[in-house]
Amino acid sequence: MDETIRFSISLPKSLLKELDEKMIKKGYASRSEFVRDLIRKELVEEKWSSTSEEVYGVLTIIYDHHKKELAERLIDIQHDWPLNIVCTTHIHMDHHNCLENTILRGIPESIEEIAIKIGGLNGVKFSKLTRAASIEK
């Protein structure tokens, strides 16, 4: 296990107040946990700005499964990038709507390309890519 080091930072009172409000609103038990998550988020974004490092993404879409040929186009796109698709989970929300979560792995540019292509299909009502990457701690 990595040793935890204590350090201090100086903030204007108004900024500390905002930090505490956000920390409480998001349910963090301490400032330390909140700041650790902010740092981790920045590290993930840094990895996504790289052009060659492998990252992960979760593409969430909601679509009308009655839209003609949409399911086939989704499958075709997923098969065109087989090395990037790790897993897809599909649920039926109601008679018309399906929700899919697709876990993607690869370089950022490739993942973004798949997400844009899928999100832009006629019949996709919602599309959101969540960026992720492995980080040390």
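These figures come from a predicted structure and were not determined experimentally. Every chain is numbered independently, its residues counted from 1 as its sequence is written. Where local features are concerned, this predicted model is filtered to residues with pLDDT of at least 70; where side-chain atom pairs are given and counted, the filter is 80 or more; whole-chain, interface and lining totals use all residues. Remark: hydrogens and water are excluded; side-chain values derive from all non-hydrogen atoms of the structure.

What about the side chain of asparagine 84?
For step 1, the next point in the chain: Looking at the secondary structure, you find asparagine 84 in the loop between α3 (70–80) and β2 (85–92).
For step 2, the next point in the chain: Polar contacts, as counted here, are pairs of nitrogen or oxygen atoms within 3.5 Å of one another; within protein the pair requires one atom able to donate a hydrogen and one able to accept it, and residues that are adjacent in sequence qualify only if both atoms are side-chain atoms. Within the local environment of asparagine 84, its side chain forms a polar contact with the side chain of serine 110, the two groups lying 3.5 Å apart.
For step 3, the next point in the chain: Here a residue-residue contact requires only that any non-hydrogen atoms of the pair lie within 4.5 Å. Beyond its immediate stretch of four places on either side in the chain, asparagine 84 contacts Ile103, Leu104, Arg105, Gly106, Ser110 and Ile114. Helix and strand assignments come from DSSP, with helices taken as H or I runs of at least 4 residues and strands as E runs of at least 2, each series counted from the N terminus.

Considerations on the confidence of the model for the chain
For step 1, the next point in the chain: pLDDT expresses, on a scale from 0 to 100, how confident the predictor is about each individual residue. Mean pLDDT over the chain: 92, with 99% of residues reaching 70 or higher.
For step 2, the next point in the chain: Mean pLDDT across the elements of the chain ranges from a minimum in α3, with 90, to a maximum in strand β4 (residues 124–132), with 97.

Section: the environment of cysteine 98
For step 1, the next point in the chain: Structurally, cysteine 98 can be placed in strand β3 (residues 97–106).
For step 2, the next point in the chain: Between the C-alpha atoms of cysteine 98 and glutamate 33, which are 65 residues apart in sequence, the distance is 35 Å.
For step 3, the next point in the chain: Discounting residues that sit within four places of it in the chain, cysteine 98 has contacts with Ile61, Ile62, Tyr63, His65, His90, Ile91, His92 and Met93.

Brief notes about helix α1 (residues 13–25)
For step 1, the next point in the chain: Helix length check: α1, at 13 residues, gives a terminal C-alpha distance of 18 Å against a target of 18 Å (1.5 Å per residue), a fit within 8%.
For step 2, the next point in the chain: Note on exposure labels: buried denotes an accessible area under 20% of the residue type's maximum, exposed denotes more than 50%, and partly exposed covers the range between, all computed with a 1.4 Å probe on protein chains only. Leu19, Asp20 and Met23 are the residues of α1 that are buried. Taken down its axis, α1 places every buried residue within 100 degrees of arc, on the same side. Those residues of α1 that are exposed and aimed more than 90 degrees away from the buried face are Ser14, Lys17 and Lys25.
For step 3, the next point in the chain: Glycine 27 lies just past α1 and shows a positive phi near 80 degrees. The span one expects for a helix is its residue count, reduced by one, times 1.5 Å. Think of it as the arc spanned by the lines of direction from the helix axis to the C-beta atoms.

So, the sheet that holds strand β1 (residues 55–64)
For step 1, the next point in the chain: For two strands to count as paired, DSSP must find a minimum of two bridges between them. The strand order across the open sheet built from four strands is β2-β3-β1-β4, with neighbouring strands paired in antiparallel fashion. If you trace the sheet from one side to the other, it starts and ends with β2 and β4, each paired once. Neighbour-to-neighbour, the strand axes of the sheet open up by a mean angle of 15 degrees, direction not taken into account.
For step 2, the next point in the chain: Strand contacts of helix α2 (residues 31–49): β1 and β4, with the helix running at about 105 degrees to β4, the strand carrying the most contacts.
For step 3, the next point in the chain: Together, β1, β3 and β4 form the strand contacts of helix α4 (residues 108–119), whose direction differs from that of β4 by roughly 165 degrees. Axis geometry follows a simple rule: fit a line to the C-alpha atoms, using only the stretch in contact for helices, then measure angles between N-to-C directions, giving values from 0 to 180 degrees.

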